[in-house]
Amino acid sequence: MAAGVATWLPFARAAAVGWLPLAQQPLPPAPGVKASRGDEVLVVNVSGRRFETWKNTLDRYPDTLLGSSEKEFFYDADSGEYFFDRDPDMFRHVLNFYRTGRLHCPRQECIQAFDEELAFYGLVPELVGDCCLEEYRDRKKENAERLAEDEEAEQAGDGPALPAGSSLRQRLWRAFENPHTSTAALVFYYVTGFFIAVSVIANVVETIPCRGPARRPPREQPCGDRFPLAFFCMDTACVLIFTGEYLLRLFAAPSRCRFLRSVMSLIDVVAILPYYIGLFVPKNEDVSGAFVTLRVFRVFRIFKFSRHSQGLRILGYTLKSCASELGFLLFSLTMAIIIFATVMFYAEKGTNKTNFTSIPAAFWYTIVTMTTLGYGDMVPSTIAGKIFGSICSLSGVLVIALPVPVIVSNFSRIYHQNQRADKRRAQQKVRLARIRLAKSGTTNAFLQYKQNGGLEDSGSGEEQALCVRNRSAFEQQHHHLLHCLEKTTCHEFTDELTFSEALGAVSLGGRTSRSTSVSSQAVGSSSLLSSCCPRRAKRRAIRLANSTASVSRGSMQELDTLAGLRRSPAPQSRSSLNAKPHDSLDLNCDSRDFVAAIISIPTPPANTPDESQPSSPGGGGGASSTLRNSSLGTPCLLPETVKISSL
Amino acid sequence: MATVRHRPEALELLEAQSKFTKKELQILYRGFKNPCPLSHQECPSGVVNEETFKEIYSQFFPQGDSTTYAHFLFNAFDTDHNGAVSFEDFIKGLSILLRGTVQEKLNWAFNLYDINKDGYITKEEMLDIMKAIYDMMGKCTYPVLKEDAPRQHVETFFQKMDKNKDGVVTIDEFIESCQKDENIMRSMQLFENVI
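These figures come from a predicted structure and were not determined experimentally.

Caption draft 1: A look at the overall build of chain A. The secondary structure content of chain A amounts to 28 helices and seven strands. Every one of the 647 residues in chain A was classed for burial, and the buried ones make up 39%. Considering only residue pairs separated by 6 or more positions, chain A has 67% of its internal contacts joining residues 24 or more positions apart. In the structure as shown, chain A presents an accessible area of about 35,800 Å², 62% of it carried by carbon and sulfur atoms.

Dropping the structure here:
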């Protein structure tokens, strides 16, 4: 429960006076809070430096060391102060958290020491305020990375420290990803690298013209045609090695789907596929054109080097992240090219024997001019053409030169921005989770409190204390407030599970009223039974909830027969409820267990015998508690009965 | 608007005007001066505006939506209708609620229900209030909240309170009916020991 609002609880409770005239049920009595002694000043002595604060300030966060009774362990009766043998500089931040609700991170302290202090005082690191959260996390991550690096360096130095029992797959994958771990992996790494190089060189060399055999006239043909067999053997060997490597990686990959979709595996596939396609394609003239094109793809084997080179990988990532800027550059270039090509075409249209035969033909001129290459294979001859040509080359310089630094700065900005956006998204998620956790924590606390029988009179001392969780005064009062709201509206707070089941029961078939009453009886009885036996509350609630679930999905006929069968044991449960629950706690628990074991659904008429007897047997306290419990189970359709029972 | 700092009146004056002791006023003021330590928005010290009010109230009722009811409450506390609850308003309201006579409390409740402050509670006003209260319960209730539950509750209320059946409840009808109801009378003492 977020603190600071603890000081507003009295106001919220006072405002509940507004519900009083509207309540249809009698409101529960207020919790007996011990007379407040007003507010006192506590002295906290941290290694000699004295901090003084109000007790209320510390009570704002009851789940920390200083806010709970844990601080009594540090109380020094002689001096009347709380003594902590910790760092006083750090304590200042901790105490300020109580005062302002925001935990700040000290800039000049070691983040590890700060973490330790937080852990000691029971503060979770998520409480760090938004102003300091980013820096806190950055420093923590830095620290963690540094420590991890040191660990890894140690590990690498020691040799492979694989977890015992790792399978062949894991060992293989590790060997592939970190070649430095074992000698075999290193050998494999270099061998593949060598063969990539060999393959690429072979591709290049086979196109060099070799001097043919002495023949008149000496014919020059590419080496590939001269020594076809040799090159074929080399190609086959390389492809075999690459295929073997790819299959091994596929086998060792921890997540095969992800591996298949990764870029490196695509490159591998593209590198070896042309060979296989070439094998199966018959050597006739029609397809050989396409076959020749396929051989071009063999050059992609050079990209396999990116596994061996970190720099190549970084470059690839850079281009990928900069794609939009590059796209913009391309687009603006295209625009300029089209404009100038059109202009040049029409300017040179009149000339005889001109090179500018069409606008697409003028594209080549424009590109060559704008990039300041200037091959000179196409030159304008008219005056207008020359003028526009010079404008074209001048503007080319601008168009090309401008985006490049923009791209560079954009790249660095985008790169850092992405990182910050990810950080912010993670922070947002954490903050929302925090809020949700706090909200659910409050609700769960209240529901737990209800299940644990907190609704009974706070009459019997120790049994109650045993069964009910120790709650602070704030929690008691807050739960009382929520309870008052329940009574005003005649509806109860539940959790998602029960609510969805109740909804499911409502939507079952046409006999909606019947099913709600049955399921509501089931749920009501769960709170009935649980309130008398709070220690077993959770177990029973779960069992009953399960049975409710099964019931709500069952058929109506089954419910009727079950109701008829279970009629007899029901009054027994009622009578045992009337008996003093506190004396024979164990006995009641056992009988209730027994009862709960055979009764999966309570009977609908089970409550009516109770209501027909306005004055129940048993002690006054027992009666009022029973009747109050039964009023829990009864929906608000019988207000008169409730009034009688309240007398 | 936020830079104006509001200083409350002197402690002795407030003590004379309200039914709280000095110590209690001190404790209340300390909480009042720091109303929203957990939110990320800046809150002007010394006065509480409606947003802060709603946020604080929503902390106590996490399951439902308490903004409408907080709005009505805010209007009930903000007696001079200047859009902010000063410490004097706050103490005045709390003094009635916690230390006032039954008559004063009922008066205050009537003032809360009477949204347009014309001296009559109509069915529409009561329906608004009732819906706001039921909104605070949220979705996950047992039994499942039906659409017309607030309306039914309003009908019950009017049956009890509207003696001459003219469709509105006046202050006298209200106080008379409440004094006849034992439940209500008994629960009036519920919140005495809140401070």
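Caption draft 2: Molecular detail of the interface of chain B and chain A. Taken together, the 63 residues of chain B in the interface contact 67 residues of chain A. Taken together, both faces of the contact between chain B and chain A bury some 5,600 Å²; the carbon and sulfur share is 69%. Together, Phe60, Tyr142 and Phe191 of chain B form the three largest contributors to the area buried by chain B at its contact with chain A, with a combined 16%. Put simply, chain B and chain A have five residue pairs in polar contact (both at pLDDT 80 or more) between them. Considering every element that reaches the side of chain B that touches chain A, the biggest residue donor is helix H7 (residues 123-137) of chain B, with seven residues. For strand S7 (residues 492-493) of chain A and strand S4 (residues 141-142) of chain B, the ladder comprises two bridges, and the chain directions are antiparallel. The partner of Phe493 of chain A across the bridge, within S4 of chain B, is Thr141 of chain B.

Caption draft 3: Region of interest: the UniProt feature "domain: EF-hand" (unreviewed entry) in chain B. All names here are of chain B. Per the UniProt record, the feature "domain: EF-hand" (unreviewed entry) sits at residues 65-100, 101-136 and 149-184. Span residues 65-100 is 67% helix and 8% strand, its end C-alpha atoms 29 Å apart. Across residues 101-136, the secondary structure splits into 72% helix and 8% strand, with the terminal C-alpha atoms separated by 28 Å.

Caption draft 4: Local environment of the packing of aromatic side chains. Within the structure shown, the criterion is met by 39 aromatic pairs over all chains. Ring geometry for Phe53 of chain B and Phe74 of chain B: centres 5.2 Å apart, planes at 75 degrees, overall edge-to-face. Taken as a pair, Phe53 of chain B in helix H3 (residues 50-60) and Phe74 of chain B in helix H4 (residues 67-77) lie far apart in primary sequence, 21 residues in all. The buried category is assigned to Phe53 of chain B, whose relative accessible area is 2%. Connected via pairs of aromatic rings, a cluster forms that spans Phe51, Phe74, Phe84, Phe91, Phe120 and Tyr121 of chain A. We note Arg86 of chain A situated over the ring of Phe120 of chain A; from NZ or CZ to the ring centre the distance is 4.1 Å. In this structure, Lys304 of chain A packs its charged tip against the face of Phe242 of chain A, placed 4.7 Å from the ring centre.

Caption draft 5: Structural view of the sheet that holds strand S2 (residues 49-54) of chain A. Residue and element names in this part refer to chain A. Spatially, S2-S1-S4-S3 is the arrangement adopted by the four strands of the open sheet, whose pairing is mixed. Since the sheet does not close on itself, it has two edges, and those belong to S2 and strand S3 (75-76), each with one partner. For S3 and strand S4 (residues 81-84), the ladder comprises two bridges, and the chain directions are antiparallel. Among the inter-strand pairings, Tyr75 is bridged to a residue of S4, identified as Tyr82. Against the sheet, helix H3 (residues 88-100) touches strand S1 (41-46) and S2, its axis set at about 5 degrees to S2.

Analysis parameters
- Residues numbered from 1 in each chain as written.
- Chains lettered and ligands numbered in written order.
- Predicted model: local features only at pLDDT ≥ 70, side-chain atom pairs only at ≥ 80, totals over all residues.
- Heavy atoms only, no water.
- Helix = DSSP H or I, 4+ residues; strand = E, 2+ residues; numbered from the N terminus.
- Buried < 20%, exposed > 50% of the residue type's maximum accessible area, 1.4 Å probe, protein only.
- Contact = heavy atoms within 4.5 Å.
- Areas by Shrake-Rupley, 256 points an atom, 1.4 Å probe, with all protein chains shown as cover.
- Buried area = accessible area lost by both parts, 1.4 Å probe.
- Polar contact = N/O pair within 3.5 Å; in protein donor to acceptor, adjacent residues only side chain to side chain.
- Pairing = 2+ DSSP bridges.
- UniProt positions renumbered as here; feature names shortened; annotations may be inferred.
- Phe/Tyr/Trp six-rings, centres within 6.5 Å; stacked < 30°, edge-to-face > 60°.
- Lys NZ or Arg CZ within 6 Å of the ring centre and 35° of its normal.
- Axes fitted to C-alpha atoms, helices over the stretch in contact; angles between N-to-C directions.

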